[in-house]
Amino acid sequence: QVQLVESGGGLVQPGGSLRLSCAASGFTFSMYVMSWYRQAPGKERELVARISSGGGSTNYADSVKGRFTISRDNAKATVYLQMNSLKPEDTAVYYCYAKHKLLDSINYWGQGTQVTVSS
């Protein structure tokens, strides 16, 4: 059974930090490109960051460049999102997404974790 389980969300003050984790199981993690998406109330889901299957390549949304860092540990089948200098506009549900590196049709979503940035 495929599972993507996010954790690490919560309430943080502006300027603070959080580290999200997404633990994967039920598939060969190292064969998947991993991404973090987010969706704020009333807005469309957007890509935050992406990391290649081997971890050697990353991409970020312009709005988080220099503040967020995506990483992965293939031995632990886990992807991380380190979020620093958080802003109120980062408030959203954050989702983990896995896409097979060769077959776009094979992909999975996590259930999401809430991040709220507020004083």
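A. Layout of the nonpolar core. Ranked by size, the top nonpolar core spans 30 residues in total, and within it Met-34, Trp-36, Val-79, Leu-81, Met-83 and Tyr-94 carry the most contacts. Those elements giving two or more residues to this core turn out to be β3 (18-25), β4 (32-39), β5 (46-51), β7 (68-73), β8 (78-83), β9 (92-100) and β11 (113-117). When near neighbours in sequence (up to four residues on either side) are disregarded, Met-34 contacts Leu-4, Phe-29, Ala-49, Arg-50, Ile-51, Ile-70, Arg-72, Val-79, Cys-96, Tyr-97 and Ala-98.

B. Looking closely at the packing of aromatic side chains. A full pass over the atoms with the stated rule returns seven aromatic pairs. Ring centres 5.9 Å apart and planes at 35 degrees place the aromatic pair Tyr-32 and Tyr-108 in the tilted group. Note that Tyr-32 is positioned in strand β4 and Tyr-108 in strand β10 (residues 107-109), a separation of 76 residues in sequence. Taking the centre distance of 4.4 Å and the plane angle of 40 degrees together, the rings of Tyr-97 and Trp-109 count as tilted. Here the residue Tyr-97 occupies a position in strand β9, and Trp-109 occupies one in strand β10, the gap between them amounting to twelve residues. Residue class for Tyr-97 comes out buried when judged on its relative accessible area of 12%. With a relative accessible area of 37%, Trp-109 lands in the partly exposed category. Here the aromatic cluster, defined as three or more aromatic residues joined through ring pairs, consists of Tyr-37, Tyr-95, Tyr-97 and Trp-109. The side chain of Arg-45 reaches across the aromatic face of Trp-109, ending 4.5 Å from its centre.

C. The arrangement of the state of the cysteines in detail. Enumeration according to the criterion identifies one disulfide in this entry. Between the sulfur atoms of Cys-22 and its disulfide mate Cys-96 the distance is 2.1 Å. When the S-S torsion is -85 degrees, as for the bridge of Cys-22 with Cys-96, the disulfide is left-handed. Taken together, the residues span a long stretch of sequence, with Cys-22 in strand β3 and Cys-96 in strand β9 at a distance of 74 residues. Summarising the burial analysis for this pair, Cys-22 and Cys-96 share the class buried.

Thresholds, definitions, all that
Residues numbered from 1 in each chain as written. Predicted model: local features only at pLDDT ≥ 70, side-chain atom pairs only at ≥ 80, totals over all residues. Heavy atoms only, no water. Core = buried A, V, L, I, M, F, W, Y, C linked by side-chain atoms within 4.5 Å. Buried < 20%, exposed > 50% of the residue type's maximum accessible area, 1.4 Å probe, protein only. Helix = DSSP H or I, 4+ residues; strand = E, 2+ residues; numbered from the N terminus. Contact = heavy atoms within 4.5 Å. Phe/Tyr/Trp six-rings, centres within 6.5 Å; stacked < 30°, edge-to-face > 60°. Lys NZ or Arg CZ within 6 Å of the ring centre and 35° of its normal. Disulfide = S-S within 2.5 Å.

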